[in-house]
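Structural features, examined
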Amino acid sequence: MVTGIGLVSPLGIGTEATWRGLLAGRSGAGAITKFDASAFSTRFAAEVKGFDPLAFIDKKDVKKMDIFIQYAIAASQFAMDDARLEVTPENAPRVGVFIASGIGGFTTIEREHRAFLEGGPRRISPFFIPAAIINLAAGQVSIRFGAKGPNAATCTACTASAHAIGDAFEIIRRNAADAMIAGGSEAAVCAMGVGGFAAMRALSTRNDDPLHASRPFDKDRDGFVLGEGSGVLILEELEHARRRGATIYAEVVGYGMSGDAYHITGQPEDGDGAYRVMRATLESAGVGPEVVDYINAHGTSTPVNDPTETLAVKRVFGDHARKLAMSSTKSMTGHLLGAAGGLEAGITSLAVYQQMLPPTINLDEPGEGCDLDYVPHQARPAAVGYALSNSFGFGGTNGSLLFKRYEG
């Protein structure tokens, strides 16, 4: 059961601000402010604006954490507050943490390398390693709340936090925990992050119009918009949640994984890996394709991903593909890499709970092969019983999560 949602995104700090921005169809993209990007082919990103780590973390501890860890702590605090979940000495061994990242402390690595080049090894901070490594988001969150249950992190590129939530779901299902703090965090808007993705020609170069640069499924899409932030869910076993009188946003009922075994960054044209991961997720839940009402698409706004995901959906759902709705919230948040699945799992849970579909903005004319209902431009009320959230990553790693409206 999803009983708490914490979001830190380019649309706002906090779940309510993010959800409000999504329903308004607002883009979080803009000129890069974190470094001088004037020499780069892409000079914009979807940054988190106005984040103050001191609102969440003691001043003495801030320097020990890369910003991706700071985002994770903030999102986890929002999620714990939302769930009204208290970790006590009695329940601590039954509360775990599974928080992912695709890259981890890129900003810290960049800064400490610069310090080394300028001053030699004595200039490297003693906090360098624990500030940068990926599992320290989960580690710091567990320390903050005293959660002594399963503690882990995944690093599976842009599928990382979908895998983290799915694995947390499985941990609860096998009775190894009663509650899990699960999701992902990313902060790769730095010179090396933007430069690396730009060198791959993966990013949009719509520098004169960043608000309209992320345009999934549109014929004029030219790459993704790099985003940052964190999405964290509180997952609980049903009876544990009921005993607490917790709000239940949605029920996690299915989780699937697959591998493309095809290319380091590309997908097979027939969408085979995406097809199989969605099938595996439905099989995990024991339901047929016809029950799904909404898909939060991976929908990156790249030339290859969008028609490939569309084709995979058609293969899985057949005629029902024309009856369901599918939107890409990356059109507003940008692509949070390893945190995308966590953010989008939170958004999908809210869509189920609120019975409201967030839109795909900037979809002016669908591209070739993109011919489904992508909820263009405006949010839409809808009856959502089951909703699927897709995540696909470099190396051909795929993950999907199926959420169900809770009727109890």
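Residues numbered from 1 in each chain as written. Predicted model: local features only at pLDDT ≥ 70, side-chain atom pairs only at ≥ 80, totals over all residues. Heavy atoms only, no water.

For the rest of this paragraph, the subject is the state of the cysteines. Taken as a whole, this structure holds 0 disulfides when the rule is applied. The cysteine Cys155 is free of any disulfide, with Cys158 supplying the nearest cysteine sulfur at 10 Å. The thiol of Cys190 is unpaired, and the distance to the nearest cysteine sulfur, on Cys158, comes to 15 Å. (Disulfide = S-S within 2.5 Å.)

Strand order across the open sheet formed by 5 strands is 9-15-14-10-11, with mixed pairing between neighbours. The sheet is open, and its two edges are formed by strand 9 (251-259) and strand 11 (325-327), each paired on a single side. Averaged over neighbouring strand pairs, the angle between their axes works out to 20° when direction is ignored. Bridge count for strand 14 (residues 386-393) against strand 15 (residues 397-404) is 8 bridges, and the pairing is antiparallel. When the sheet's bridge partners are listed, Tyr386 is paired in strand 15 with Lys404. (Pairing = 2+ DSSP bridges. Helix = DSSP H or I, 4+ residues; strand = E, 2+ residues; numbered from the N terminus. Axes fitted to C-alpha atoms, helices over the stretch in contact; angles between N-to-C directions.)

This paragraph deals with the pairing of strand 1 (residues 2-9). Taken across its 8 residues, strand 1 has 8 buried, putting it largely inside the fold. In the sheet, strand 1 pairs with strand 2 (residues 12-13) via 2 bridges, with the strands oriented antiparallel. Within strand 2, the residue paired with Val8 across the bridge is Ile13. A loop of 2 residues connects strand 1 with strand 2, the two strands running antiparallel in sequence. (Buried < 20%, exposed > 50% of the residue type's maximum accessible area, 1.4 Å probe, protein only.)

The next point concerns the packing of aromatic side chains. Across all of its chains, the model carries 8 aromatic pairs by this definition. Between Phe35 and Phe40 the ring centres are 5.3 Å apart and the planes differ by 65°, which places this aromatic pair in the edge-to-face class. For Phe35, a relative accessible area of 15% corresponds to the buried category. Taken together, a centroid distance of 6.4 Å and an interplanar angle of 50° make the contact between Phe197 and Phe394 tilted. Placement of Phe197 in helix 8 (residues 191-199) and of Phe394 in the loop between strand 14 and strand 15 is noted, with a sequence separation of 197 residues between them. (Phe/Tyr/Trp six-rings, centres within 6.5 Å; stacked < 30°, edge-to-face > 60°.)

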